[in-house]
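# Chains, contacts and geometry: an overview
Here is what each chain is made of, one letter per residue.
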Amino acid sequence: MYGNYLPPNPLAEWIGRTALKLMGWRIEGELPRLDKFVAIGAHHTSNWDFVIFIALKFVLRLNARWFGKHSIFRWPFGGLMRSWGGIPIQRHLSLNMVEQAIQGFRDNREFILVLSPEGTRKKVERWKMGFYHIALGAGVPIVPGALDFANRRVVIGAPFQPTGDAEADLQALLAFFRPYVPKKPEYAFYGD
């Protein structure tokens with residue numbers, strides 16, 4: 001078993017399964033058995049997206065890291081967020097998060113980084129391409145994961161290896177997400 005998958009934790013798995021069941025959600029597809037990849041989750045339009053992600057992380061026993069706005073790491077939940085793989089970021093500071101993430105891939109034998117390409121729950125005019133530059137720079141695939149609120153499912157796609165043609169690769173990734181309906185469709189970016 002790959003190091004990105006945690007040892008069994010019956011309580012965490014039960015919490016994740018119960019949360020998904022109570023909300024009526026299911027998982028379609030499987031994560032690849034790879035040591036390293038960037039996972040992107042879209043469309044990010046609601047706080048419920050995070051709840052579903054954490055439940056999914058518990059069910060799949062996924063040892064994934066994720067970036068979050070620094071304010072969610074304050075007391076009283078900061079320690080919990082970090083224990084769930086969260087890495088606080090301060091968007092107002094000009095830190096090179098792409099280089100730091102690439103270094104994380106270099107420094108670790110196993111590394112999964114989960115990002116939202118929108119970078120916010122609000123309406124955006126374009127995706128932030130940090131996820132793409134991280135995957136390209138680290139030489140790892142991108143694994144898309146769509147939240148389909150219309151059918152209450154998380155759909156995990158096949159690994160996508162970035163080619164360096166950012167525009168063509170972005171169109172291919174957007175095509176994967178297009179059929180899935182987010183919690184707030186009016187906030188989704190479809191690339192049109």
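Residues numbered from 1 in each chain as written. Predicted model: local features only at pLDDT ≥ 70, side-chain atom pairs only at ≥ 80, totals over all residues. Heavy atoms only, no water.

In the nomenclature of an unreviewed UniProt entry, the protein chain is known as Phospholipid/glycerol acyltransferase domain-containing protein of Aquipseudomonas alcaligenes. According to UniProt, the comment filed for the protein chain under the heading Pathway (unreviewed entry) is "Lipid metabolism." (UniProt positions renumbered as here; feature names shortened; annotations may be inferred.)

Assigned secondary structure in the protein chain consists of six helices and seven strands. From first element to last, N terminus to C terminus, the protein chain shows the α and β order α-β-β-α-β-α-β-α-β-α-β-β-α. Considering the protein chain as a whole, with its 192 residues, one finds that 42% of them fall into the buried category. Accessible area of the protein chain: about 10200 Å², with a carbon and sulfur share of 57%. (Helix = DSSP H or I, 4+ residues; strand = E, 2+ residues; numbered from the N terminus. Buried < 20%, exposed > 50% of the residue type's maximum accessible area, 1.4 Å probe, protein only. Areas by Shrake-Rupley, 256 points an atom, 1.4 Å probe, with all protein chains shown as cover.)

In this model helix H1 (residues 10-23) runs 20 Å from its N-terminal to its C-terminal C-alpha over 14 residues, within 8% of the 20 Å that 1.5 Å per residue would give. Residues of H1 that are buried: Ala12, Glu13, Gly16, Leu20 and Met23. Axial view of H1: buried residues confined to an arc of 115 degrees, hence all on one face. Of the exposed residues in H1, the ones pointing more than 90 degrees away from its buried face are Pro10, Leu11, Lys21 and Leu22. Turning to H1, the residues buried within the fold contact strand S1 (26-28) and helix H2 (48-60). (Expected span 1.5 Å × (residues − 1). Arc of directions from axis to C-beta. Contact = heavy atoms within 4.5 Å.)

With that settled, consider the pairing of strand S7 (residues 153-156). Residue alternation in S7 divides its side chains into two sets, Arg153 and Val155 and Val154 and Ile156, and both sets are buried. Across three bridges, S1 lies against S7 in parallel orientation. Among the inter-strand pairings, Ile27 is bridged to a residue of S7, identified as Val154. Bridging between strand S6 (residues 142-148) and S7 involves four bridges; their strand directions are antiparallel. (Pairing = 2+ DSSP bridges.)

This part is about the side chain of Lys57. Its place among the elements puts Lys57 in helix H2. Despite its burial, Lys57 remains without a salt bridge, the nearest opposite charge being carried by Glu13 at 12 Å. Within the structure, Lys57 has its side chain in polar contact with the backbone oxygen of Leu62 (distance 2.8 Å). Among the polar contacts listed, one links the side chain of Lys57 to the backbone oxygen of Ala64, at a separation of 3.4 Å. (Lys, Arg positive; Asp, Glu negative; His and termini not counted. Salt bridge = Lys/Arg side-chain N within 4 Å of Asp/Glu carboxyl O. Polar contact = N/O pair within 3.5 Å; in protein donor to acceptor, adjacent residues only side chain to side chain.)

Turning to the packing of helix H4 (residues 97-107) against helix H5 (residues 130-138), a few remarks are in order. Viewed as axis vectors pointing N to C, H4 and H5 meet at an angle of 40 degrees, and their least axial separation amounts to 9 Å. Here H4 runs over H5; the crossing is right-handed. Across from Val98, Ala101, Ile102, Phe105 and Arg106 in H4, the residues of H5 making contact are Gly130, His133, Ile134, Gly137 and Ala138. Across the contact of H4 with H5, the residue classes break down as six nonpolar, three polar and one charged. (Axes fitted to C-alpha atoms, helices over the stretch in contact; angles between N-to-C directions. Left-handed = near helix turned anticlockwise from the far one by under 90°. Nonpolar A, V, L, I, M, F, W, Y, C, P; charged D, E, K, R; others polar.)

Right, let's talk about the packing of H1 against H2 for a bit. Where H1 meets H2, the axes come as close as 7 Å, and the angle between the chain directions of the two elements is 135 degrees. By the angle between their axes, H1 is oblique relative to H2. The element H1 and its partner H2 pack so that their crossing is left-handed. Across the interface between the two elements, Ala12, Glu13, Ile15, Gly16, Arg17, Ala19, Leu20 and Met23 of H1 pack against Trp48, Val51, Ile52, Ala55, Phe58 and Val59 of H2. Looking at side-chain class alone, the contact of H1 with H2 contains eleven nonpolar, one polar and two charged residues. (Parallel < 35°, antiparallel > 145°, perpendicular 65-115°, else oblique.)

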